Amino acid sequence: MRLHWFFFVLLLLCAIGVTVLYALAPQAGPAFMSPRTAKILFFHVPVAMQSSLFFLWSAVAGVAYLVRRQPAWDHHSRSALEVGFLFALLATLTGMVFADQQWGVAWNWDARQQYIFILLLIYAAYFALRLGFTTYEQTAAYAAAYAVFGFLTVPFLVWVLPRMQPSQHEQANRTIIEWQLDTEYGRVFLAASFTILLLGIWCCAARVKELRASHDKEEDDGCKSGSGDSADSGVVRPVRLRNP
Amino acid sequence: MREALAVLKKEVISELRGKHGLYMAFLFSIVAAFALGMASSLERPPASIASVLVMVLLLFSSISSLSRTFVLEEEQGTGDLLRVLGDPVAVFVGKMLYNFCLLLLLGVIAVPALVLFSGLAVSDPLLLVVSLLFACGGLAAAVSFCGALASRSRSRAALSGVISTPVLLPWVWMGLNAFRAALGDVAAQPWASAVGLLGMALVFGSIGPMLYSAVWRR
Amino acid sequence: MICCRGLGKRYGSRWAVRRVDIELPRGECLLVTGPNGAGKSTLLRLLAGLEAPTEGEVTLSGAVGFTSPDLAVYPNLTAREHLRFAATLRRVEPQESALLQRVGLQEHAEKPAGAFSTGMRSRLRLALAIQHQPSVLLLDEPTVSLDDEGREIVRQIIEEQRVRGCIVLATNADKDRQFGDWEVRLGA
């Protein structure tokens, strides 16, 4: 509980820090059409990068579920996937806003734009998959397998394919990977990344808690409904019909 | 491996005797090839469009016919029989091989048909054949797994379409790139794309059986 | 050996099977009885590993043979091909002629199973269930839709398997409780 508060306060401080830094941050680069639009990248880049991280965690938890069969791992896998999906969606939307300001078109079939959209489609199918099964064990097992399977496409969609064709992200990618950001600008970028990561983990943890609570409630309901008709009979055991 | 071949043999015998599944698959591919040819009949499509036609043809052939192998088992109630016999890896690999053979056969018939109907010029036949082979491998591996996942759910047919289509999209670009070069257009690193198709086929083909064995008795 | 403790399976909020404890040594025969919907088939499916239990666990030693009226066969494969296919997947000798003889299907070995009557399909399933000399045999309604001869075959097979040391669990196998040393009554 204490840890929870510590985390919350940390998050709040980070948020304030980012807001201040964001307001003070220098407007980077002459490459931008309108200097103010550069600031959206403090959000766009971290959510885009971290969505893969959450998808990875979802796949890892999926493997853990398939090995251990403990509902907790299913909750982790599911909530990480949801946060990853949300981040990928936010990356797409912020990217579209930026593209609209910068080039006058929101959707221009840029390589990364295409692939993140495919990623969204792949993970959107996960939610369809979860609705299709009758028992919880089945749902969780199949969803976990799909979370792993879906993640197999992530390296291709995030690292391989976008590099095989020209993209408007090339310059930006290189700038960040080789860390050529201005000092001030880079500092805000780091702070924003850290805050968004914390926010993601926080969302994920909250969702795990919620899923666990609803799972436990279902278990309780199941126990109650079961006790109505068979508790009186207690344990069912074989009886001997005749002596050998 | 012998077990997987037994599953493949069972599929082949079963489908050859059943006839209608295979017949529908072939008919679908020919109809699709003809429809695409007709749509581009006004003028000979440039390589960039022609490669799209080839890829769309493969994509729809695979989605319409391949998920059937797993879905049919559950529909006719033989899924439990397979599970009782044990060995999920053999079942998955056998069915994946069957899907690969079927898709390759469809591709070998439908792609030349499309080339004929649309009057496409093949400038690099070797690249075309190799990328067709690898694309079929990748599509077969991914659709097999998606079909297997969807087969136990309540809305099998719809779900297998919904989950396999997006998973197949990463293949589309590599396939497009390779086919474009094979059909005479300038494309960046066409052989790298073909090898990329092979790489994805191998990744999905090797992870698929493992994941399938983890869920198959659920 | 077969052992399950606190076995339960829930579909949604409904328990199909709840709190079942079974422990049987080699060569015993257990009748699973109860009204329709009591969870007899679910219990057998849990023991066969076809369903994952919601609670409790199942321990079985050795191979499992399973048959149920819901278990379909391939309509386009012949009886002989079924047994050969199953043998390859199980990595055992097919012995298809002997097995078909045992269940009285030798005349129909080359017919596709789609042309079989319900009773003939039951016999084929039975042959598949005992092919690999299982140490636990789970028979869900083994005598349903069988004629007198077929029921006699089921009775003999159960005896043969028990002599071999196999544990047999059967639902509705024997209304008169002629064989079977134990009974577990579900949904009572």
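Above this text you will find the structure in question.
For every chain, the first residue of its written sequence is number 1, and the numbers climb from 1 along that sequence. Note on labels: chains are lettered from A, ligands numbered from 1, in written order. Residue-level local features of this predicted model are given only where pLDDT is at least 70; pairs of side-chain atoms are given and counted only at 80 or more, and the full residue set underlies all totals for whole chains, interfaces and linings.

1. With respect to the overall build of chain B
Test applied: Each helix corresponds to a stretch of at least 4 residues labelled H or I by DSSP, and each strand to a stretch of at least 2 residues labelled E; elements are numbered beginning at the N terminus. Computation of the radius of gyration draws on C-alpha atoms alone. For the globule rule, the value is 2.2 Å times the number of residues to the power 0.38. The burial criterion counts other C-beta atoms lying within 10 Å of a residue's C-beta, which is placed from the backbone; the residue is buried at 20 or more, exposed at 12 or fewer, and partly exposed between these limits. We call two residues in contact when the distance between their C-beta atoms, placed using the backbone, is within 7 Å.
The helix and strand tally for chain B stands at 9 helices and 0 strands. From first element to last, N terminus to C terminus, chain B shows the α and β order α-α-α-α-α-α-α-α-α. Over its C-alpha atoms chain B spans a radius of gyration of 17 Å, differing by no more than 12% from the 17 Å that the globule rule assigns to 218 residues. In terms of overall dimensions, chain B has C-alpha extents of about 55 × 35 × 30 Å along its principal axes. In chain B, which comprises 218 residues, the share counted as buried stands at 57%. In chain B, the proportion of contacts linking residues at least 24 apart, taken out of those at least 6 apart, comes to 84%.

2. A closer look at unusual backbone geometry
Unlike most non-glycine residues, tryptophan 109 of chain A shows phi in positive territory, near 55 degrees. Within the secondary structure, tryptophan 109 of chain A is located in the loop between helix 3 (71-103) and helix 4 (111-130). You will see that arginine 91 of chain C, though not glycine, has its phi angle at about 55 degrees, which is positive.

3. Looking at the pairing of strand 3 (residues 29-33) of chain C
Residue and element names in this part refer to chain C. Applicable threshold: Strand pairing requires that DSSP identify at least two bridges connecting the strands.
For strand 3, a buried count of 5 out of 5 residues is recorded, marking the element as mostly surrounded by other parts of the structure. Residue alternation in strand 3 divides its side chains into two sets, Cys29, Leu31 and Thr33 and Leu30 and Val32, and both sets are buried. Bridge analysis of strand 3 against strand 7 (residues 167-171) gives 4 bridges, and the strand direction is parallel. Paired with leucine 30 across the bridge in strand 7 is leucine 169.

4. Overview of the pairing of strand 1 (residues 2-11) of chain C
Consecutive side chains along a regular strand alternate between the two faces of the sheet. Residue and element names in this part refer to chain C. Of the strand pairs in this sheet, strand 1 and strand 2 (residues 14-24) are connected by 7 bridges, and their pairing is antiparallel. Bridging from a neighbouring strand, lysine 9 pairs with valine 17 of strand 2. Two successive antiparallel strands, strand 1 and strand 2, enclose a turn made up of 2 residues, where glycine 12 displays a positive phi of approximately 60 degrees.

5. What about the sheet that holds strand 3 of chain C?
Sheet strands line up and pair through hydrogen bonds in the backbone, either parallel or antiparallel. Inclusion rule: All axes here are fitted lines through C-alpha atoms, helices being fitted over the stretch that makes contact, and every angle between N-to-C directions spans 0 to 180 degrees.
Judged by pairing direction, the sheet is mixed, and its 6 strands sit side by side in the order 1(A)-8(C)-3(C)-7(C)-6(C)-5(C) without closing on themselves. A strand with exactly one partner marks an edge of an open sheet, and here the two such strands are strand 1 (239-240) of chain A together with strand 5 (64-67) of chain C. Strand direction decides the pairing type here: strand 1 of chain A and strand 8 (residues 182-185) of chain C, joined by 2 bridges, are antiparallel. Looking at the pairing, arginine 240 of chain A lines up with tryptophan 182 of chain C of strand 8 of chain C. The sheet strands contacting helix 4 (residues 118-130) of chain C are strand 5 and strand 6 (136-140) of chain C, and the helix crosses strand 5 of chain C at an angle near 170 degrees.

6. Examining the interface of chain A and chain B
Note the cut-off: Any residue that is not Ala, Val, Leu, Ile, Met, Phe, Trp, Tyr, Cys, Pro, Asp, Glu, Lys or Arg is counted as polar, Gly included; the first ten are nonpolar and the last four charged.
Taken together, the contact between chain A and chain B spans 25 residues of the former and 25 residues of the latter. Among the secondary structure elements, those contributing two or more residues to the side of chain A that touches chain B are helix 4, helix 5 (136-151) and helix 6 (153-160) of chain A. When the residues that make up the side of chain A that touches chain B are grouped by side-chain class, the tally is 20 nonpolar, 4 polar and 1 charged.

7. Observations concerning the sheet that holds strand 1 of chain C
Residue and element names in this part refer to chain C. Taken in spatial order, the 3 strands of this open sheet run 2-1-4, and their pairing is antiparallel. Among the strands making up the open sheet, the edge pair consists of strand 2 and strand 4 (55-60). Between one strand axis and the next, the sheet turns by 20 degrees as a mean value, whatever way the strands run. Alignment of strand 1 against strand 4, held across 5 bridges, turns out to be antiparallel. Counterpart to cysteine 4 in the pairing with strand 4 is valine 58.

8. Considering the environment of alanine 143 of chain A
Following the sequence through the fold, alanine 143 of chain A ends up in helix 5. Leave out the neighbours within four places in its chain, and alanine 143 of chain A touches Arg78, Tyr126, Leu129 and Arg130 of chain A.

9. A few points about the packing of helix 3 of chain A against helix 5 of chain A
All names here are of chain A. Applied cut-off: Here the angle decides the label: under 35 degrees means roughly parallel, over 145 means roughly antiparallel, 65 to 115 means roughly perpendicular, and every other value means oblique. Crossings are sorted by hand: turned counterclockwise from the far helix by less than a right angle, the near helix makes the crossing left-handed, and turned clockwise it makes it right-handed.
Axis separation between helix 3 and helix 5 bottoms out at 10 Å; the angle between their running directions is 45 degrees. Judged on the interaxial angle alone, helix 5 and helix 3 are oblique. Crossing geometry of helix 3 relative to helix 5 is assigned as left-handed. Contact with helix 3, carried on its side by Pro71, Asp74, Ser77, Arg78 and Leu81, involves Ala140, Ala143, Ala144 and Ala147 of helix 5 and no other residues of that element. The residue inventory of the contact of helix 3 with helix 5, partitioned by class, reads 6 nonpolar, 1 polar and 2 charged.

10. Digging into helix 3 (residues 47-65) of chain B
Residue and element names in this part refer to chain B. Note the following rule: Take the number of residues in a helix, subtract one, and multiply by 1.5 Å to get its expected span.
With 19 residues, helix 3 should reach 27 Å at 1.5 Å per residue; the first-to-last C-alpha distance of 27 Å fits that figure. Along helix 3, the residues classified as buried are Ala47, Ala50, Ser51, Leu53, Val54, Met55, Leu57, Leu58, Leu59, Ser61, Ser62 and Ser65. Buried residues along helix 3 sit in contact with helix 2 (20-39), helix 4 (68-75), helix 6 (88-118), helix 7 (125-151) and helix 8 (156-182).

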